[in-house]
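A look at the structure
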Amino acid sequence: MAAAATAAAARRVPLRASPPAQASPETAKAPASIPTSSAASASPLRAAAAPSSGRRLPAPPLRCSSSSSEIPTPPSIGLLVEVEGVLADVYRFGNRQAFNVAFQSLGLDCANWTEPIYADLVRKARGDEERMLVLFFDRIGWPTSLPTSEKGSFIRSVLREKLKALEEFSACDSLPLRPGVEQFIDDALSEGVPVAILAAYGRNGEKISRSIAKKLGPERMSKIKIVGKDEVEGSFYGQLVLGKGVTSSLDEQLIREAQKAASAEKQRIAEEVASILKLSVDITASESSEKVIAALRAGSEYVGCDVQNCILVAGSQSGVLAAERIGMPCVVVRSSVTARAEFPSAKAVMDGFGGTDLTISKLLSKKWS
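What you are looking at is a predicted structure, and each value in this text was computed from that prediction instead of being measured.

Okay, the overall build of the protein chain next. When helices and strands are counted, the protein chain shows 16 helices and 6 strands. Here the protein chain holds 369 residues, and 38% of them are scored as buried. Summarising the internal contacts of the protein chain: among those between residues at least 6 apart in sequence, 65% fall at separations of at least 24. Accessible surface computed for the protein chain: about 22,000 Å², of which carbon and sulfur atoms make up 53%.

A few words on the state of the cysteines. Evaluation of the coordinates by the stated rule reveals 0 disulfides. Cysteine C305 remains unbridged, with the sulfur of C310 as its closest cysteine sulfur at 4.9 Å. Here C310 falls in the buried class, since its relative accessible area comes to 0%.

Overall, the prediction assigns the protein chain a mean pLDDT of 77, with 66% of residues at 70 or greater. For residues 55–69, every residue scores under 50 in pLDDT, and the model assigns this stretch 3 contacts once sequence neighbours within four places are set aside. With pLDDT under 50 throughout, residues 246–250 is counted as low confidence; its partners more than four residues away or in other chains account for 6 contacts.

On the basis of which strands lie adjacent, the open sheet formed by 6 strands has the order 3-2-1-4-5-6 and parallel pairing. Both edges of this open sheet fall to strand 3 (225–227) and strand 6 (348–350), since each of them pairs with a single strand only. Across the sheet, the axes of successive neighbouring strands diverge by a mean angle of 25 degrees, strand direction being ignored. Relative to strand 2 (residues 195–198), strand 1 (residues 78–82) runs parallel, the two sharing 4 bridges. Within the sheet, the bridge partner assigned to E82 lies in strand 2 and is L198. Packed on one face of the sheet, helix 8 (residues 181–190) meets strand 1, strand 2 and strand 4 (310–314) and runs near 140 degrees to strand 2.

Per the stated rule, a full pass over the model turns up 12 aromatic pairs. The side chain of K225 reaches across the aromatic face of Y302, ending 4.8 Å from its centre.

Right, let's talk about helix 4 (residues 90–105) for a bit. Every buried residue of helix 4 is accounted for by V90, Y91, G94, N95, R96, A98, F99, N100, A102 and F103. Packing partners of the buried residues in helix 4 comprise helix 5 (115–125), helix 6 (129–140), helix 7 (151–170) and helix 9 (206–213). Taken from the residues just after helix 4, G107 is the one with a positive phi, measuring 75 degrees.

Another aspect to go through is the pairing of strand 2. What you see with strand 2 is no split at all: V195 and I197 on one side and A196 and L198 on the other are buried throughout. Direction of pairing for strand 2 relative to strand 3: parallel, over a ladder of 3 bridges. Counted as the bridge partner of L198 is V227 from strand 3.

We now examine the packing of helix 4 against helix 6. One way to put it is that helix 4 packs onto helix 6 with a least axis distance of 13 Å and a crossing angle of 55 degrees. Of the possible angle classes, the one that applies to helix 4 and helix 6 is oblique. Like other packed secondary-structure pairs, helix 4 and helix 6 cross with a definite hand, here right-handed. Residue-level contacts link N95, F99 and F103 of helix 4 to E129, L133 and F137 of helix 6. Grouping the amino acids of the contact of helix 4 with helix 6 by side-chain chemistry returns 4 nonpolar, 1 polar and 1 charged.

The residue R96 is located in helix 4 in this model. Buried within the structure, R96 lacks any salt-bridge partner; E115 is the closest side chain of opposite charge, at an N-O distance of 4.1 Å. Those residues in contact with R96 that lie beyond four places of it in its chain are Y91, W113, T114, E115 and Y118.

Analysis parameters
Residues numbered from 1 in each chain as written. Predicted model: local features only at pLDDT ≥ 70, side-chain atom pairs only at ≥ 80, totals over all residues. Heavy atoms only, no water. Helix = DSSP H or I, 4+ residues; strand = E, 2+ residues; numbered from the N terminus. Buried < 20%, exposed > 50% of the residue type's maximum accessible area, 1.4 Å probe, protein only. Contact = heavy atoms within 4.5 Å. Areas by Shrake-Rupley, 256 points an atom, 1.4 Å probe, with all protein chains shown as cover. Disulfide = S-S within 2.5 Å. pLDDT = per-residue confidence, 0-100. Pairing = 2+ DSSP bridges. Axes fitted to C-alpha atoms, helices over the stretch in contact; angles between N-to-C directions. Phe/Tyr/Trp six-rings, centres within 6.5 Å; stacked < 30°, edge-to-face > 60°. Lys NZ or Arg CZ within 6 Å of the ring centre and 35° of its normal. Parallel < 35°, antiparallel > 145°, perpendicular 65-115°, else oblique. Left-handed = near helix turned anticlockwise from the far one by under 90°. Nonpolar A, V, L, I, M, F, W, Y, C, P; charged D, E, K, R; others polar. Lys, Arg positive; Asp, Glu negative; His and termini not counted. Salt bridge = Lys/Arg side-chain N within 4 Å of Asp/Glu carboxyl O.

Here it is in structure tokens:
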């Protein structure tokens, strides 16, 4: 009897689970599904996960720091504005009168350009002022005391006097801004649209373009970028493509890549100019196209937008053609000298600013017409 009881007890012993010989009290109390080696370092999110489901809780959402929330949103469009014909109708209120002043200062009392005469000369000479003078004096007669060999120097002297008179006009009320252009600029700035005034390639020179732009007033001018020759040369595009040198802050690899891009850009420009010349387009326009393109690209840099997201408000055919070549949308505002001109590549052609003409709301909504 005693032997049977002992044998039964011996059979029941293996059925009891004994704790490991050297386990600590904390280890003995740890749940079997959580490894003791990582229990102390596990995050609260991991420790709270259901051990039997095998699912992971999603990671907590990333939170932006206060500094990242202060990064400004890039503008949807940038605005590039030409001066001559857009900010002011230089042809109607400046050029014609300046020529008449030049004639008077040189003692040419028989020369006086009315608006019809001026418009006819512009049309026949396609805006080439030297050609306009030749056509005019061929019509009315050259000064009797002028030798034929000195006609060229005489034309240049007229143009110099004309430029002096125009510089004086541009600095006074004799050459006003176009109606509605100030409100147009104000609306752009209030909508957060960056504005650049292109003074680098006006027909009458940068000095006159800057003088006209100053008529916008110091408050507007403080919010607008004027893009002249120095600004073009100081732009990234100007440094690379125009050969003005690369800033020392760029590392060598970036410089090499930039120089490759510049070489490709020069080749593209050369091919496009060659293509234009084959079509017998005015050589003067093709020679200046690279200068206009450089100004447009520099302007896009200063307003912080790609060329495709900038809108050029143009008053010249050269600006329209340059914008088309680089894929920049263009809207034309007609002036007295372009009232009958055609601009097939422009998104829209307007007669002025405000009302049914050009407004910022139309540009923002891409309602070109």
